Structure formats: structure tokens, C-alpha cells
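If you want the building blocks of each chain, they are given just below.
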Amino acid sequence: MFASASGKVHAINLTKDVVRLLGMPPYVCLKVNKAMDSFIVMPGKQKEYMSFKVPERFVTDKDVNMRMISKSFIKEFMAVNELDVTKSYRVEGIYSERNNAVIFNMADCNLYRGSVEK
């Protein structure tokens, strides 16, 4: 399961596998550690800080994407991790069953060669 961070569109994109593993919650929450070198995605509540609504049909429709947009967050997050904000990066996640969360370590990210921007 993967996530991608795109400075160009100021977003983190999640794959369908991430949301499936979390139990297909209506909202997911993005949490970042203090060093900003990793983040987790876990089920969230509507009014929780950095909570994002999972689009309807996200898991069942191949044409529906999950994109969490925050210009200021992405800009700072990518700068702290010394990533080029004009590019996209892909990072593999590790599922923690104990916390029902997917953990993404930015030290493991790679330049994304797919087409996340249209």
C-alpha cells in the first residue's frame, strides 16, 4: 500500500488498499510526528484536525481518488524532508494492526514516475 506526496498540487494521495485496511472509515486523519519525517493515516472523525472525508465509492470505483489537500502543510512537510516541491514522491506504508493505522516513513520515499497530476 502506498501514498504519494505531490508539491505541485499540494496533496497527499492514498491508495485504495490503505482505506480498505483501515476498515473503510468515512473519514481518515493524517498525523505527523514532531520531526515531520513520517506520518500516519488512521480512521478519524469529521471535526478532527487534519481529518479528510473519504470519497463515496472510493474503494469500489477505479476512477475515484483520495486526495488530501493542504498547501501550507505539504509545502512545509516537503521542505523539512528536503523534497523538491515541483515533484511527486511515493512512499510505502506499513500497517499497524494494534493502532489501526498505516505508517509512512519519508526516509523510504522515492521519486514518483506515475501520473498523479492531470
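Computed from a prediction, not measured in an experiment: that's the story for all the values here. (Residues numbered from 1 in each chain as written. Predicted model: local features only at pLDDT ≥ 70, side-chain atom pairs only at ≥ 80, totals over all residues. Heavy atoms only, no water.)

Moving on to helix 2 (residues 71-80). For helix 2, the complete set of buried residues consists of Phe 73, Ile 74, Phe 77 and Met 78. Buried residues of helix 2, seen end-on, are gathered within an arc of 115° and therefore sit on one face of the element. Every exposed residue of helix 2 that faces more than 90 degrees away from the buried side is listed here: Lys 71, Ser 72 and Lys 75. Residue Glu 82 follows helix 2 closely and has a positive phi angle near 55°. (Buried < 20%, exposed > 50% of the residue type's maximum accessible area, 1.4 Å probe, protein only. Helix = DSSP H or I, 4+ residues; strand = E, 2+ residues; numbered from the N terminus. Arc of directions from axis to C-beta.)

One pass over the structure, following the stated rule, counts 3 aromatic pairs. Here Phe 39 and Phe 77 contribute two aromatic rings whose centre-to-centre distance is 5.8 Å and whose plane-to-plane angle is 75°, an arrangement assigned as edge-to-face. Residue Phe 39 is located in strand 4 (residues 38-43), and its partner Phe 77 is located in helix 2; the two are separated by 38 residues in the primary sequence. An identical accessibility class is assigned to Phe 39 and Phe 77; each is buried. On the numbers, 4.8 Å between centres and 20° between planes, the contact of Phe 39 with Phe 104 is stacked. Of the two residues, Phe 39 is situated in strand 4 and Phe 104 in strand 8 (residues 101-105); the sequence distance between them amounts to 65 residues. You can call Phe 39 buried: its relative accessible area is 2%. Positioned above the aromatic ring of Tyr 27, the side-chain terminus of Lys 53 is 5.6 Å from the ring centre. (Phe/Tyr/Trp six-rings, centres within 6.5 Å; stacked < 30°, edge-to-face > 60°. Lys NZ or Arg CZ within 6 Å of the ring centre and 35° of its normal.)

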